[in-house]
Each structure stands twice: as structure tokens, then as C-alpha cells.
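Structural characterization, general
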Amino acid sequence: MLAMMRDRLSPTRTRRGKTGWTRGLRKTPRNVLKKLDQFSAIVQLEQLEALSWIMPPLNGQMLEVPRLYAVAWKEGQVFQNKEDPDRILTPWSAPDFEWFGDPVQQSARTSCIDLPIHNAVPGRRFAKVISKVLSEKACAALLEAANAKGFTPTLLNVGSDQKVLQQEPGGGQQGQQVTVNSLDLAAWLMEVLRPHLPAE
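Report on the accompanying structure. (Residues numbered from 1 in each chain as written. Predicted model: local features only at pLDDT ≥ 70, side-chain atom pairs only at ≥ 80, totals over all residues. Heavy atoms only, no water.)

Overview of helix α6 (residues 183-193)
Those residues of α6 that sit buried are Leu185, Trp188 and Val192. For α6, the angular spread of buried residues about the axis comes to 65°, placing them on one side. Of the surrounding elements, those touching the buried residues of α6 are α4 (103-108) and α5 (136-149). (Buried < 20%, exposed > 50% of the residue type's maximum accessible area, 1.4 Å probe, protein only. Helix = DSSP H or I, 4+ residues; strand = E, 2+ residues; numbered from the N terminus. Arc of directions from axis to C-beta. Contact = heavy atoms within 4.5 Å.)

As for the nonpolar core
Among the nonpolar cores identified, the biggest contains 8 residues, and these are Trp92, Phe100, Val133, Ala138, Ala145, Leu185, Trp188 and Val192. Mapped onto this core, the elements with two or more residues apiece are α5 and α6. The greatest single-element share of this core, amounting to 3 residues, is contributed by α6. Excluding residues that lie within four positions of it along the chain, Val192 makes contacts with Pro103, Gln106, Ser107, Thr110 and Val133. (Core = buried A, V, L, I, M, F, W, Y, C linked by side-chain atoms within 4.5 Å.)

Section: the pattern of salt bridges
Applying the stated rule across the entire model yields 3 salt bridges. Between Lys128 and Asp114 there is a salt bridge; the shortest N-O distance is 2.6 Å. Taken together, the residues span a long stretch of sequence, with Lys128 in strand β3 (residues 127-131) and Asp114 in strand β2 (residues 111-115) at a distance of 14 residues. (Salt bridge = Lys/Arg side-chain N within 4 Å of Asp/Glu carboxyl O.)

Quick word on the layout of surface pockets
Space inside the second largest pocket adds up to approximately 210 Å³. Lining the second largest pocket are 13 residues; nearest its centre among them are Leu58, Glu64, Ala140, Ala141 and Glu144. Here the lining of the second largest pocket is built from residues that sort into 8 nonpolar, 2 polar and 3 charged. (1 Å grid on protein atoms, 1.4 Å probe; cavity = no way out; pocket = protein on both sides within 12 Å on 5 of 7 lines; lining within 4 Å. Points joined across faces, edges and corners; volume = space filled by probe spheres on them. Nonpolar A, V, L, I, M, F, W, Y, C, P; charged D, E, K, R; others polar.)

Any link to function would need more than the numbers given here.
So, in C-alpha cells, the structure goes:
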């Protein structure tokens, strides 16, 4: 609906028959576009809140509403990896590991289903579904820590150390994500998953 409103307010047909935003921005008052962006943010927040309500509870509590990190990106905008658009270098505090417990004990609680891969070379490729890698307490703590950093729109990797924003319907990548680096968390997860992984 918002895309349709923008199209009606911002006719952008050029002489070459292609569409763009340049002429539309000249014709549409900036305050109107700003109100549309604000309306879009409100609608998105309401959708996230509604989704949290209908999701199953986690650790006896309603799922926390995702916190979106505000960005001023535009559809089709291209980023260099050195710009760190995914905010990987932004400091992040991992959850308290007392919620995670002993990885060996947690590994004993897991279950694994092997999935077939067509024409896979034995021992070279595999696909598995591993359940109960995290307890509900640990999962809730991890989501809370990720939410504290904030979600940003998912970008499409197009090669040459570049990513592009393609969130419109039919685009290459939709949704929100949080990207973090944690050697401690990675090591803990590796110990939980180790019995289900190949020796090499």
C-alpha cells in the first residue's frame, strides 16, 4: 500500500522508459515523503508487536518485540563491506553464560535428523536438523542480547565486496537481521554440535 502511495505521489517515468526517484522527489514535497516514512515505521512496529503476540511463549514469557535499528537506507542502495553496513564491528555484549550451562550436558539433550542431499559425495556434504541446541532460558537470553544491538534490513551480497538493499516484493533479500561476532558463543555451540558433525 505504501509503495502504491509513493507511486501515485511520485510519477518517475523518464524519457528512456525507465523508472527512478529523481524526478519524483522534485515533485513530491519532502514533508509528505517524511510522513509516509513515519507511517511505514508505525505500521512495521505494529506488525512486529502483533507477531510477538501470536508466537508461542518462550521460557514462560511472551516473545520480546524485535527492536529495529533506525537507518536511512534507500531501495537499491549499494554498500561496500568496508562500510560495515551490518554493524559487525559495533560492540556487542554476549548473554551471561550461566544461562547456557555445560555444553556437554546440553549436547546430550539434542536430537538430530539427517537430510538427504541429491548427488552428494559421502563425507563431503551433509545436511542435518539438530533440535534443542539451546535451552529456552539460553534462547531467551540470546534473543534479548541480540535485540539490545538492534535489527537492520537484510542486505543481498552481490560480490566484489558489495551488498545491496533489495527489500521490495520480488527483490533478492527481505527481512531484518542482527550480525554479531562472539568467539566464546561460537566455541560453546561447537561443543554442543560436535557429536553430530563429521570428525574432519
